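Spelled out from the first residue to the last, the chains are:
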Amino acid sequence: MTEGSVESMTVSPEGRSPSPANGRPLEGDEFLGLSREECVRLLWLMVLSRRFEEKAAEVYQTGKIGGFCHLYIGQEAVAVGSISPLRPDDYVITAYRDHAQAIVRGITPNAVMAELYGRVDGCSKGYGGSMHMFDKSLNFMGGHGIVGGHLPLATGAGYAIRYRGGDQVCLCFFGDSVVNIGAFHESMNIAARMKLPVIFLLENNRYGMGTDYRRVAAVKELKDRGLAYDGLVSLDVDGMDVLAMRQVMEEAIERGRTEKTPTFIEAKCFRYMGHSMADPSHGTYRTKEEVEKWRSDDPILDFHRKLIAANRITEAEYESIDKQAIDTAEAAAEFADQSPFPGPEAIYQHVYSDQYPGDMRQRDAWRKEFS
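Attention here is on the structure that accompanies the text.

Parameters at a glance
- Residues numbered from 1 in each chain as written.
- Predicted model: local features only at pLDDT ≥ 70, side-chain atom pairs only at ≥ 80, totals over all residues.
- Heavy atoms only, no water.
- Salt bridge = Lys/Arg side-chain N within 4 Å of Asp/Glu carboxyl O.
- Helix = DSSP H or I, 4+ residues; strand = E, 2+ residues; numbered from the N terminus.
- Buried < 20%, exposed > 50% of the residue type's maximum accessible area, 1.4 Å probe, protein only.
- 1 Å grid on protein atoms, 1.4 Å probe; cavity = no way out; pocket = protein on both sides within 12 Å on 5 of 7 lines; lining within 4 Å.
- Points joined across faces, edges and corners; volume = space filled by probe spheres on them.
- Phe/Tyr/Trp six-rings, centres within 6.5 Å; stacked < 30°, edge-to-face > 60°.
- Lys NZ or Arg CZ within 6 Å of the ring centre and 35° of its normal.
- Pairing = 2+ DSSP bridges.
- Right-handed = clockwise from strand over helix to strand, strands pointing away.
- Axes fitted to C-alpha atoms, helices over the stretch in contact; angles between N-to-C directions.
- Contact = heavy atoms within 4.5 Å.
- Parallel < 35°, antiparallel > 145°, perpendicular 65-115°, else oblique.
- Left-handed = near helix turned anticlockwise from the far one by under 90°.
- Nonpolar A, V, L, I, M, F, W, Y, C, P; charged D, E, K, R; others polar.

## Considerations on the pattern of salt bridges
Next up, step 1: On inspection of all chains with the given rule, the structure shows 21 salt bridges.
Next up, step 2: With its nearest N and O atoms 3.2 Å apart, the salt bridge here joins arginine 36 to glutamate 317. Of this pair, arginine 36 sits in helix H1 (residues 36–61) while glutamate 317 sits in helix H11 (residues 315–338), and the two are 281 residues apart along the sequence.
Next up, step 3: Judged by its relative accessible area of 4%, glutamate 317 is buried.
Next up, step 4: Here arginine 50 makes a salt bridge to glutamate 76, at a shortest N to O gap of 2.6 Å.

## So, the layout of surface pockets
Next up, step 1: A volume near 280 Å³ is recorded for the second largest pocket.
Next up, step 2: Taken together, 23 residues line the second largest pocket, and the ones lying closest to its centre are Ala95, Tyr96, Arg97, Phe174 and Gly175.
Next up, step 3: Of all the secondary-structure elements, those providing two or more residues to the lining of the second largest pocket are strand S2 (170–175) and strand S4 (207–208).

## Considering the packing of aromatic side chains
Next up, step 1: According to the stated counting rule, one finds seven aromatic pairs in the structure shown.
Next up, step 2: Ring plane angle 25° and centroid distance 6.2 Å describe the contact between tyrosine 159 and tyrosine 163, whose orientation is recorded as stacked. Pair noted here: tyrosine 159 and tyrosine 163 are both in helix H5 (residues 151–164), with a separation of four residues, about one helical turn.
Next up, step 3: By relative accessible area, which is 66% here, tyrosine 163 ends up exposed.
Next up, step 4: Residues phenylalanine 174 and phenylalanine 264 carry aromatic rings whose centres are separated by 6.4 Å and whose planes lie at 10° to one another, so their mutual orientation is stacked. Within this pair, whereas phenylalanine 174 is found in strand S2, its partner phenylalanine 264 is found in strand S7 (residues 263–268), the two being separated by 90 residues in sequence. Like phenylalanine 264, phenylalanine 174 is buried.
Next up, step 5: Pairwise contacts between aromatic rings join Phe174, Phe184 and Phe264 into one cluster.
Next up, step 6: The side chain of arginine 119 reaches across the aromatic face of phenylalanine 341, ending 3.9 Å from its centre.
Next up, step 7: Over the ring of tryptophan 294 we find lysine 293; its NZ or CZ atom is 5.7 Å from the centre of that ring.

## A look at the pairing of S7
Next up, step 1: Counting buried positions along S7 yields five of six residues, so the element is predominantly enclosed.
Next up, step 2: Pairing of strand S6 (residues 233–238) with S7 involves six bridges; the strand directions are parallel. When the bridges of S7 are listed, leucine 235 appears paired with isoleucine 265.
Next up, step 3: Running through helix H8 (residues 242–258), the crossover from S6 to the neighbouring parallel element S7 is right-handed.

## Structural notes on the sheet that holds S6
Next up, step 1: Pairing within the open sheet is parallel, and its five strands lie in the order S1-S2-S3-S7-S6. With partners counted over all chains shown, the strands left at the sheet margins are strand S1 (91–93) and S6, one partner each. Strand-to-strand twist across the sheet, computed as the mean angle between neighbouring axes with direction ignored, equals 20°.
Next up, step 2: Across the sheet, helix H6 (residues 182–194) is in contact with S2, strand S3 (198–204) and S7; its angle to S3 comes to roughly 150°.
Next up, step 3: Sheet strands in contact with H8 are S2, S3, S6 and S7, and its direction is about 160° off that of S6.

## Some words on the packing of H1 against helix H4 (residues 109–117)
Next up, step 1: In contact at an axis separation of 12 Å, H1 and H4 are set at 25° when each is read in the N-to-C sense. Classified by the angle their axes make, H1 and H4 are roughly parallel. The handedness of the crossing between H1 and H4 comes out as right-handed. Residues Leu48, Phe52, Lys55, Ala56 and Val59 of H1 lie in contact with H4, whose contacting residues are Pro109, Val112, Met113, Leu116 and Tyr117.
Next up, step 2: Partitioning the contact of H1 with H4 into residue classes produces nine nonpolar, no polar and one charged.

This is the structure we're talking about:
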């Protein structure tokens, strides 16, 4: 990549440096055997996620995005470190803080922003909005608004992989409040008992909405929830470190592919914004000092400094990456502005698996026929 250029963001498989079969880094290699281009790619995805979310916050304030809007600012290393080692045929399923995860998986920023706007060019055709990003072609299975409701779906995906004799894995993101509900334990129990290749990734950003997880969890370390299940590997990781995330994910993926066993990972991280755009970043359930302390451990700046120190990127190249990310987010907002709203007839589409009537009169006759 030449100075001031970001044309080499897409990394080919040939750009990967050799690494041991067990997924651990070569001795003395702090970059896990990743090539320079791959490291720059990780940085690009984190910066793009950050700038996209900042733009989403801006347009939400102007009323262009309706409903809830949960931003991912501060947690970029978790999404990038965990999704980047996956294969295209692996599955990803997540909760409602899903914009950045969708982008990292491969949904275009234009399609994600249009979905936030509720427009027809959104990845869910405008039906889903902020909490329900979806793209079957990428095996990105949502975006789910019901807390913990998607963990059984991830377990089902793991069973489908086993039933079909595949070697894919299913990565399932969720928040810290989920570890206290029944669906979490039911899903973990089935995955462990049936040896399903599901990676349960807990993003512990310390607060379930406005409640500190330590006030409601009867364990000090949330990863210990997984110790009850034989056959399930349970561990924690620094979720503010993209390379640490990448390493534990590569090992979990290898277990899922070869041993067909699940993994439970607690990624300790922090969101810099409020739970949603409806609450402030601090001053209610979090202090300003706490937020500033975590901001000093910014995952993007830390990785940027590490790449600079290793001569894997220049400051000019970083500035170019940042500018392209800003331009991409701006272009996504312009694209969403130009995309039309769904028409009234759309309310009857994508509801039934069979054909549906094309106009109101046909619809009424069709309804009577089956009443």
